[in-house]
Amino acid sequence: MKLKLTQAPAPVHTELAPACGWSVWNELISCSDDQTLHKWNLQGEPEGKVCQLDAYYTDLHWYPLSSKRNQSGGTDVFAVGCTNGCFKVISRTGKLEKSVDAHSGACIALRWSYDGTALATAGEDGSVKIWSRNGMLRSTLAQSDSPVYSIVWGADSDQLCYSTGSNIIIRSSQSSAKQITWKAHEGVVLKVDWSPISSMVVSGGEDCKYKVWDSYGRLLYQGDPFDYAVTAVAWSPNGDLLAVGSQDTLQLCDRMGWAHSKSHLKTGSILGLSWTSDGTQLAGSGSNGTVVFAQVVDVAQEDGRVQVTLEDEHKVVVVDLLSEITDELEFRDRVVKISLGFDHLIVATSTQCHVYSISNLSTPYIFDLKEPVTLVMQCERHFLIMDHSSGIQLYTYEGRQLCNPKFPGLHPELMNQQMLGLSNDTIAVMEVGAQSSGTTVRFFDAAQGRPIGEPFQHSLEIKEIQLSQVGTSTERQLILIDRNRDLYVVGVMKRQPAKLASMVDSALWHNTTGMLAALVDQKLTVWYYPNEVFVDKEMLAKSRFVKADAEYGKAAHIQVFTGAKVLIRRSDGVLVTVATSPYPTMLYDMLRQGQWEKATRLCRFIKDPSMWATLASMAMANKELNTAETAFAEVDEVDKLHFVMKLKQVPHEEGRNAELALYRRRPDEAEAILIQAGLTYRAIKLNIKLFRWDRALDLAQQYNQHVDTVLWYR
């Protein structure tokens, strides 16, 4: 991945250009010390002067995208800060709407809140102030001894992050909330940016370094020192990429901080950076008045058989890795997103979505888009796209729309891939935004977009969710990683969370089986049958594979889990391929075809205890008692072996099903099976065995039999 750079052939600004900003109409406005504001198009061509005011500018920020949808009128404006201490609100056509005296000394930085209700300004006088949309002062949030050089809102439009001296401070606009302060750099912090999606903070300073932090001030990554001070940093809208600007240098980085590419320019110090709303293009303004445009290209994806690369904004190259045949796909509009998986390639341009089958790239299905796509996700039967106006939309691979699930408080502009789960029958969506605590997951039916049950509430803030890819809707499982980095498995239908592991950095379901891989305490752990967490933790521990000899480091991320291969991206950007056992995949294939005898022979051949434990768990789940008996004997589970042998002697099927439900820790289900079969005495006896005396007595009185038996046992 790298940046393709373009510059205007002749200089437009004659003096230093401190800031620039993209509007939602993909127009760039740049400001300069020559007292002019200029407009540019998406191709980097100047489109003329917007206005000329008697002021020297310091910062520029457009009124936000999300509020453009929520409110009508008056949203096509931007604010500029000036060296005389005032800020000005200017319309898209260049008309001055408002000028407000804000600070003594220069107004160095300003930012609109994400909901568009407030404007925060920071000044040379060390004060941070919050203003209403109409320019009325709401509050002076902070007063520092040294100038505040940079300011940015949190996703909830309540907290502000700003830099003063060598410190970064996160403070809520509610006076009662505690502020977080930490020393970030050796020199002055010149720029901070806070991603509303990943909640990570990036800072650049006079010590020539850029650093990535979490929202509690813990250092996640520190970049190698540049030759000069880092003067500009900016997160891409989806939080996946990061741009860093310095003297004659522009660097593109991953969300974890490591560099994809470094470009050398002739701009002087890059003072302002701005991304387009779709995250495909970037503009920077330099200290010599140059405005540079950078397109993100060489974006590559691979699924084991095919590699897809975005070569430039209009061309995608598809390479078949087996036959080495290369296809070039040309597009009229610029490509915004590509996604490869499940034998299909999705290419979303600014106006259309193209759906290709990997086996036939000549005839794609094409449909029109209302807005540029911000996210594409795929599963076996269909794919999901998301944009800012329509939200979440589900399509088949033939281009037919299935559903468009919506709920109050859906904020597509604050969502990324970690906040969505997609499978053949279910969509899982995390609630995000100012009104949400980040602990709620909603489930929707993939066929019609109807909600499935009540929303699931977790006790802590959730960081990531994913849905399993195999099985029926009743077997569908959701995994979630919370703020404490604990990994939980939740049944979509049952909604009872079970904790699988702690200290988890990343987790990923296998693409064709029910296996789950996770990085637990910097070790790779693969659970062959994670559903066993609801039944027997002892068997779960026996049916897993742990690779403890390789150090993956902190904050590593699992990118691919397919076949017998796990691909891990370390925090320094290095890709590590780990081979896992090929036998569990073979076991799943055999059990899918009901070949239990063959599966038993496979386990005898391998002589691996984890495979026997996996087979035993699967056999119990599928009521294959003969196979379970053999497998339990092989792993020395004597108590479970005796239970299976006793179970085989139960004369009727309902009794066996009830005992199996009890084995799966579902006593209410076991009782319901027995009562439905008319085995009232066995249902009463079941509750007596479990010491549920009140329930046993209720049943006895309800059916008017065996009351004396219950009392005698009691």
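One numbering rule holds for all chains: residues counted from 1, following each sequence as written. Confidence filtering applies because this is a predicted model: local features only for residues at pLDDT of at least 70, side-chain atom pairs given and counted only at 80 or more, and all residues used for totals across whole chains, interfaces and linings. Only heavy atoms go into the side-chain values, all of them from the structure, while hydrogens and water stay out.

**Considering the pairing of strand β18 (residues 189-194)**
Reasoning step 1: Each residue is assigned to one of three classes by its accessible area relative to the maximum for its type, calculated with a 1.4 Å probe on protein chains only: buried under 20%, partly exposed between the two thresholds, exposed over 50%. Numbered from the N terminus, helices here are DSSP runs of H or I no shorter than four residues, and strands are runs of E no shorter than two. Extensive coverage of β18 is indicated by the burial of 6 of its 6 residues.
Reasoning step 2: Pairing of β18 with strand β19 (residues 201-205), which is carried by 5 bridges, proceeds in the antiparallel orientation. Within β19, the residue paired with V192 across the bridge is S203. Here, a strand pair is defined by DSSP locating no fewer than two bridges between the strands.

**With respect to a nonpolar patch on the surface**
Reasoning step 1: Here a patch means residues that are over 30% exposed by relative accessible area and free of salt bridges, tied together within 9 Å if like-charged and within 5 Å if nonpolar (Val, Leu, Ile, Met, Phe, Trp, Tyr). Surface exposure here means Shrake-Rupley accessible area, sampled with a 1.4 Å probe, where a residue is shielded only by the protein chains that are shown. Any carboxyl oxygen of Asp or Glu within 4 Å of a side-chain nitrogen of Lys or Arg constitutes a salt bridge here. Nonpolar side chains collect at one region of the surface, where Y681, W712 and Y713 lie side by side and expose about 380 Å² of accessible area between them.
Reasoning step 2: Assignment of secondary structure puts Y713 in helix α12 (residues 707-713).
Reasoning step 3: With a relative accessible area of 34%, Y713 lands in the partly exposed category.

**Here we look at the nonpolar core**
Reasoning step 1: Nonpolar cores were defined as sets of buried Ala, Val, Leu, Ile, Met, Phe, Trp, Tyr and Cys residues, with membership established by side-chain atoms within 4.5 Å. Grouped together as the largest cluster of nonpolar side chains are 46 residues, with contacts concentrated most on L524, I568, L587 and F632.
Reasoning step 2: Per element, the largest residue contribution to this core is 8 residues, and it comes from helix α5 (residues 609-621).
Reasoning step 3: By definition, residues are in contact when any of their heavy atoms lie within 4.5 Å. I568 has contacts with L519, L524, Y552, A556, H557, I558, V574, L575, V576 and V578, leaving out every residue within four places of it along the chain.
Reasoning step 4: Core analysis: the next-biggest nonpolar cluster, separate from the first, contains 35 residues, F407, F443, F444 and I452 among them.

**A closer look at the confidence of the model for the protein**
Reasoning step 1: What pLDDT reports is the predictor's confidence in each residue, on a scale of 0 through 100. Summing up the model confidence of the protein, the mean pLDDT is 90 and the portion of residues at 70 or higher is 98%.
Reasoning step 2: For the protein, per-element mean pLDDT is lowest for helix α1 (residues 65-70), which scores 51, and highest for strand β22 (residues 232-235), which scores 97.
Reasoning step 3: Low pLDDT, under 50, characterises residues 67-73; the stretch is placed with 14 contacts to residues that sit more than four places away or in other chains.

**Remarks on the state of the cysteines**
Reasoning step 1: Disulfide assignment relies on a single distance test, namely cysteine sulfur atoms paired within 2.5 Å. For the structure on display, the rule yields 0 disulfides.
Reasoning step 2: Of all cysteine sulfurs, the one in C31 lies closest to C20, which takes part in no disulfide; the gap is 8.0 Å.

**Some details on the environment of L37**
Reasoning step 1: Of note, L37 is situated in strand β4 (residues 36-40).
Reasoning step 2: Distance in space between the C-alpha atoms of L37 and C51 is 5.5 Å, their sequence separation being 14 residues.
Reasoning step 3: Excluding anything up to four places from it in sequence, L37 contacts I29, S30, C31, K49, V50, C51, Y57, L60, F78, V80 and I90.

**Focus: helix α11 (residues 693-703)**
Reasoning step 1: W693, A696, L699 and A700 are the residues of α11 that are buried. Each buried residue of α11 sits inside an arc of 130° when the element is viewed along its axis, so together they form one side. Looking at α11, the residues exposed on the side facing more than 90 degrees away from the buried face are D694 and Q702.
Reasoning step 2: Contacts made by the buried residues of α11 are with α9 (667-676), α10 (680-689) and α12. Taking the helix axis as origin, the arc is that swept by the directions to the C-beta atoms.

**Section: the sheet that holds strand β53 (residues 575-579)**
Reasoning step 1: Read from one edge of the open sheet, 3 strands run β51-β52-β53, paired in antiparallel fashion. On the outer flanks of this sheet lie β51 (557-562) and β53, each paired with one strand and no other. Each neighbouring strand pair of the sheet contributes to a mean axis angle of 20°, computed without reference to strand direction.
Reasoning step 2: Sheet analysis places β51 next to strand β52 (residues 565-569), joined by 5 bridges and oriented antiparallel. In the strand pairing of β52, F561 is matched with V566. Lines fitted to the C-alpha atoms define the axes, with helices restricted to the stretch that makes contact. Angles between their N-to-C directions range from 0 to 180 degrees.

**Quick word on the side chain of S610**
Reasoning step 1: Here S610 lies in helix α5.
Reasoning step 2: Under this definition, polar contacts are N or O atom pairs within 3.5 Å; protein pairs additionally need one hydrogen-donor-capable and one acceptor-capable atom, and for neighbouring residues in sequence, both atoms have to be side-chain atoms. Here D608 takes part through its side chain, which lies 3.0 Å from a polar atom of the side chain of S610.
Reasoning step 3: Those residues in contact with S610, other than ones at most four positions away along the chain, are Y528, K542, S543 and R544.

**Thoughts on the sheet that holds strand β13 (residues 137-143)**
Reasoning step 1: The 4 strands are arranged β10-β11-β12-β13 in an open sheet whose pairing can be described as antiparallel. If you trace the sheet from one side to the other, it starts and ends with β10 (107-112) and β13, each paired once. Sheet twist, expressed as the mean angle between neighbouring strand axes with direction ignored, is 20°.

**Structural notes on the packing of aromatic side chains**
For any pair of aromatic rings, geometry is given as the distance between the ring centres together with the angle between the planes.
Reasoning step 1: Whether two aromatic rings pair depends on their centres lying within 6.5 Å, for rings of Phe, Tyr and Trp, where Trp uses its six-membered ring; planes under 30 degrees apart make the pair stacked, over 60 edge-to-face, and the rest tilted. One pass over the structure, following the stated rule, counts 17 aromatic pairs.
Reasoning step 2: Between W22 and F293, the aromatic rings sit 5.9 Å apart at their centres with planes inclined by 70°, giving edge-to-face as the arrangement. One end of the pair, W22, is in strand β2 (residues 19-22); the other, F293, is in strand β26 (residues 291-297), with 271 residues separating them in the sequence.
Reasoning step 3: What makes F293 buried here is its relative accessible area of 1%.
Reasoning step 4: Both a distance and an angle decide whether a charge sits over a ring: NZ of Lys or CZ of Arg must be within 6 Å of the ring centre and within 35 degrees of the ring normal. When the ring centre of Y63 is taken as origin, the NZ or CZ atom of R133, which lies over that ring, is 5.0 Å away.
Reasoning step 5: Here the guanidinium or amino end of K262 rests over the ring plane of F226, the centre of that ring lying 4.7 Å away.

**Topic: the packing of helix α7 (residues 638-648) against helix α8 (residues 653-663)**
Reasoning step 1: Following both chains from N to C, one finds α7 and α8 inclined at 160°, their axes separated by 10 Å at the closest point. Relative to α8, α7 is oriented roughly antiparallel. The interaxial crossing formed by α7 with α8 has right-handed handedness. Contact residues: K640, F643 and L647 in α7; R656, E659, L660 and Y663 in α8.
Reasoning step 2: Of the residues in the contact of α7 with α8, the class split is 4 nonpolar, no polar and 3 charged. An angle counts as roughly parallel when it lies under 35 degrees, as roughly antiparallel when it exceeds 145, as roughly perpendicular when it falls between 65 and 115, and as oblique in every other case. Should the near helix be turned counterclockwise from the far one by less than a right angle, the crossing is left-handed, whereas a clockwise turn marks it as right-handed. Note on residue classes: Ala, Val, Leu, Ile, Met, Phe, Trp, Tyr, Cys and Pro are nonpolar, Asp, Glu, Lys and Arg are charged, and everything else, Gly too, is polar.

**With respect to helix α3 (residues 583-592)**
Reasoning step 1: Listed as buried for α3 are P584, T585, L587, Y588, M590 and L591.
Reasoning step 2: Immediately beyond the C-terminal end of α3, within one or two residues, lies G594, with a positive phi of roughly 75°.

**Regarding the environment of P364**
Reasoning step 1: Within the element layout of this structure, P364 appears in strand β34 (residues 360-368).
Reasoning step 2: Excluding anything up to four places from it in sequence, P364 contacts V355 and Y356.

**Description of the pairing of strand β36 (residues 382-387)**
Reasoning step 1: Counted residue by residue, β36 has 6 buried out of 6 residues, so it is predominantly covered.
Reasoning step 2: Alternating positions in β36 separate into two faces, H382, L384 and M386 on one and F383, I385 and D387 on the other, with burial throughout.
Reasoning step 3: Counted along the chain from strand β35 (residues 375-378) to the antiparallel partner β36, the turn is 3 residues long.
Reasoning step 4: Summarising the sheet, β36 and strand β37 (residues 391-396) pair through 6 bridges and their orientation is antiparallel.

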